[in-house]
Amino acid sequence: MLTEESDILVIGAGHAGCEAALAAARMGFATTLVTLNLTEVARAPCNPAIGGPGKSQLVREVDALGGEMAKNADRTMINVRRLNTGKGPAMQVTRAQIDKDLYKLEMKRVLESTPNLRLVEGLVEELTWSGGKITGAIVREGVHFQARAVVVTTGTFLDGRVYIGERVYPAGRSGEPPAVGLSESLRRLGLELGRLNTGTTPRLNRHTIDTAVLERQDTAEEPLALSYASEPRVLPKDLPVYITRTTEETHRIIRENLHRNPGKNGTLGGVGPRYCPSIETKVLRFPDRLSHKVFLEPEGRFTEEVYMQGFNTSSPPEVQEAMVRSIPGLEEAKIERYGYDIDYDFVFPTQLKASLETKALRGLFLAGQINGTTGYEEAAAQGIIAGINAVRYLQGKEPIILGRAEAFIGVLIDDLVTKGTSEPYRMLPSRAEYRLLLREGNADLRLMALGHELRLVPDEQYERMRERQRLISAELDRLRRTWVKVNGRLPFVVEEGQTLYQLLKRPELDYDLLAPVDPTRPPLPAEVVGEVEIEAKYEGYIKRQLLQVERLRRLEDKMIPDELDYATVKNLSTEGREQLTRVRPRTLGQAARVPGVSQADLSILMVYLKSRRRSDRHGERALSGGGR
């Protein structure tokens, strides 16, 4: 068998694998990226979009760490909008429609031009290991790729099966073979695998849609970009999104054919995504609703395919045709690809360390849907952390572990490895208890210094962030020191003895409205003004969350020894002892979030650790001659 060697092997070139491989290679380590089909690198098999609530924060954080997703989305986007604009500025996010084919081509170009990175087409069938450490993987084509660290990012390919009506066939995605041998290899390692499912929508031919009767949603009028390295721009309006709705006839067709839908007749295996349900689930869950929104999203500039956002289905093709044609504007629509469901194996993520390294085998990291998540952004976020930590493992350094108060990425990974998941996990803003601190707009201020330290962010980009940081701080200081004089011509009431900062805190005022009483203000970029406004208007809430973060930090600073035998900790509840043994939390903070661990268990553990540390210090003094 041919043997090929590298420092790090990444298996799978989806969104997680691309970020993992790029991070490892950019940090100077010889990296091999093996994937089933090189023409499908970074494929977006579901919706043609990057970002949105909870997701744009992840994208920005990946970008601030030096990742590629945001840059690639900016190069290939065809429609971009700001969401939640009716809410406060801290809650607003960006979502970009991408050209799916161009996105793949651009990411492949970046991968192929990156030093230290080699792309290889192949189907991995078996992992290899020795002495408790990973040593590589064997591909179907007869090559043993040896490596000192391996990152597995297999998406939905682990023993995947596709369902369309009564038809079931093995596939990782429609038209691509599954990875069966790799599932068995993971089981031989002692990892426990479960089963999940997800689905996608029919794709329509754009020219067969009657857009004249539909609501049109154009790209934003303001210049936008997802990456801090990109120049914001306004896109052409030639590829809008259209909005239509299901009808009572649609719902009748769905109800009459539920017995033929694999997701409803018991055929489909695994648990599906709660927050991205099929159209059948929505009709059953909300029987009184007469219609549901459907967004018709173009898949690219050089394809006529249109994605039906909100219309996931795996009903038989003839039923899908009837459902589609019962919707306004789609009476003559032609389906180019039928929707389907897929079920696949995943690894229960509580078997991972917070670094995304498996507890079962040193040097083996998992990222993406293999860990039970759903979504391109969740995958990319795990991928860059796994790639970074694979390098740190080889360097003999401590892993990079982001806290819940530092990043949405930290919340995502902590939820997975601490709480686990039995359904496809989606990053929601509500999962982040400190989300006011973890805004889309300040990801660079939070994480870019780390990305620069890891040699993933160029000096020039880092210095731009530092300048932005300086401008924000200087302007906040100036506003606090500048007192306002009464001006009767102002469109709002100003009292004597107020600073510009105090005025900016008022909900009815914004930075621009203060211009008449602030003639000496410096010219500032919009992204600086935005952060200044947020810092002023949300000051009270931000201070409150910072106090909560400080309390959390005190718990997170209290480390739990890796070798601790919870059976020796007296008075722990049976469930608490079992869950702590299963998860093996790194800190008291993580222990407090383990499901099944009560406040009483936590108090007992705190007392035990304090007593143990006191005993250890006494022993050290005795050994050094300082004891009696």
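The present account deals with the structure reproduced in this document. Model, not experiment: these values are computed from the prediction.

1. Here we look at the overall build of the chain
Inference 1: Secondary structure assignment for the chain yields 18 helices and 20 strands.
Inference 2: Expected size for 628 residues packed as a compact globule is a radius of gyration near 25 Å; at 26 Å, the chain falls within 12% of this value.
Inference 3: Counting across all 628 residues of the chain, residues that qualify as buried make up 57%.
Inference 4: Considering only intrachain contacts with a sequence separation of at least 6, the fraction spanning at least 24 residues in the chain is 72%.
Inference 5: Of the roughly 26,900 Å² that the chain leaves accessible, carbon and sulfur atoms contribute 50%.

2. Here we look at the sheet that holds strand 19 (residues 341–347)
Pairing between the strands of a sheet is mediated by backbone hydrogen bonds and can be parallel or antiparallel.
Inference 1: Across the sheet, which stays open at both edges, the four strands sit in the order 11-10-19-12 with antiparallel pairing between neighbours. In this open sheet, the two strands that pair with only one neighbour each are strand 11 (167–170) and strand 12 (193–199). Sheet twist, expressed as the mean angle between neighbouring strand axes with direction ignored, is 25°.
Inference 2: Note that strand 10 (residues 161–164) and strand 11 share four bridges and pair antiparallel. By the bridge assignment for strand 11, arginine 161 is matched with proline 170.

3. Let's talk about helix 2 (residues 55–64)
Inference 1: Counting buried positions along helix 2 gives 10 out of 10 residues, so the element sits mostly inside the fold.
Inference 2: Within the sequence span of helix 2, burial applies to Lys55, Ser56, Gln57, Leu58, Val59, Arg60, Glu61, Val62, Asp63 and Ala64.
Inference 3: Directly beyond the C-terminal end of helix 2, a positive phi value near 105° is found at glycine 66.

4. Here we look at the pattern of salt bridges
Inference 1: Applying the stated criterion to the full structure yields 62 salt bridges.
Inference 2: Salt-bridge contacts for glutamate 378 lead to lysine 55; the nearest nitrogen and oxygen are separated by 2.9 Å. With a gap of 323 residues between them, glutamate 378 in helix 9 (residues 376–395) and lysine 55 in helix 2 connect regions that are remote in the sequence.
Inference 3: For glutamate 378, a relative accessible area of 0% gives the class buried.
Inference 4: Given a relative accessible area of 10%, lysine 55 falls into the buried group.
Inference 5: Here arginine 478 and glutamate 475 are joined by a salt bridge, their closest N and O atoms 2.8 Å apart.

5. Remarks on the packing of helix 2 against helix 11 (residues 443–453)
Inference 1: The interhelical angle for the contact between helix 2 and helix 11, taken along N-to-C directions, is 35°, at an axis separation of 7 Å. When you trace helix 2 past helix 11, the crossing you get is right-handed. Contact residues: Arg60, Glu61 and Ala64 in helix 2; Ala443, Asp444, Arg446, Leu447, Met448 and Gly451 in helix 11.
Inference 2: A per-class count over the contact of helix 2 with helix 11 returns four nonpolar, one polar and four charged.

6. So, the sheet that holds strand 3 (residues 49–51)
Inference 1: Spatially, the three strands line up as an open sheet ordered 3-5-4, and their pairing is antiparallel. Of all the strands in the sheet, just strand 3 and strand 4 (77–83) have a single pairing partner and so form its edges. Adjacent strand axes in the sheet meet at a mean angle of 20°, parallel and antiparallel pairs treated alike.
Inference 2: In this structure, strand 3 lies alongside strand 5 (residues 93–98), joined through three bridges in antiparallel fashion. In the strand pairing of strand 5, alanine 49 is matched with glutamine 97.

7. Side note on the environment of threonine 35
Inference 1: Along the chain, threonine 35 turns up in strand 2 (residues 31–35).
Inference 2: Threonine 35 gets classed as buried once you look at its relative accessible area, which sits at 10%.
Inference 3: Put simply, threonine 35 and arginine 435 are 400 residues apart on the chain and 35 Å apart in space, counted from C-alpha to C-alpha.
Inference 4: When sequence neighbours within four positions are dropped, the list of residues in contact with threonine 35 reads Gly12, Ala13, Val41, Val120, Glu121 and Gly122.
Inference 5: Within polar-contact distance, the side chain of threonine 35 engages the backbone nitrogen of alanine 13 at 3.3 Å.

8. Description of the environment of glutamate 550
Inference 1: Take glutamate 550: it is sitting in helix 15 (residues 539–556).
Inference 2: A C-alpha to C-alpha distance of 9.5 Å links glutamate 550 and alanine 405, two positions 145 residues apart in sequence.

9. Description of the side chain of glutamate 440
Inference 1: Within the secondary structure, glutamate 440 is located in the loop between helix 10 (408–419) and helix 11.
Inference 2: Look at glutamate 440 and you get buried, because its relative accessible area is 4%.
Inference 3: A polar atom in the side chain of glutamate 440 sits 2.8 Å from the backbone nitrogen of threonine 94.

Analysis parameters
- Residue positions within a chain follow its written sequence, with the count starting from 1.
- Local features in this predicted model are restricted to residues whose pLDDT is 70 or higher, and side-chain atom pairs enter the listing and the counts only when it is 80 or higher, whereas totals over whole chains, interfaces and linings include all residues.
- In computing side-chain properties, one takes all heavy atoms of the structure into account and sets aside hydrogens as well as water.
- Put simply, DSSP H or I for four residues or longer makes a helix, DSSP E for two residues or longer makes a strand, and each gets a number counted from the N terminus.
- Using C-alpha atoms as the atom set, the radius of gyration is obtained and then compared with a globule rule of 2.2 Å times the number of residues to the power 0.38.
- For every residue, the accessible area (1.4 Å probe, protein chains only) is compared with the maximum for its type, and the residue is labelled buried under 20%, exposed over 50%, or partly exposed between those bounds.
- Contacts between residues were defined by any pair of non-hydrogen atoms, one from each residue, lying within 4.5 Å.
- Only the protein chains shown count as cover for residues, and the accessible areas themselves come from Shrake-Rupley with a 1.4 Å probe.
- By the convention used here, strands pair only if DSSP detects at least 2 bridges between them.
- In this analysis, axes come from line fits to C-alpha atoms, helices being fitted only over the stretch in contact, and the angle between any two N-to-C directions falls in the range 0 to 180 degrees.
- A pair is scored as a salt bridge if a Lys or Arg side-chain nitrogen falls within 4 Å of a carboxyl oxygen belonging to Asp or Glu.
- For any helix crossing, the convention is left-handed if the near helix is rotated counterclockwise from the far helix by under a right angle, and right-handed if that rotation is clockwise.
- For this scheme, ten residues count as nonpolar: Ala, Val, Leu, Ile, Met, Phe, Trp, Tyr, Cys and Pro. Four count as charged, namely Asp, Glu, Lys and Arg, and the remainder, Gly too, count as polar.
- Within 3.5 Å is the distance limit for a polar contact, defined as a pair of N or O atoms, with the added protein rule that one can donate a hydrogen and the other accept it, and that residues adjacent in sequence qualify only through two side-chain atoms.

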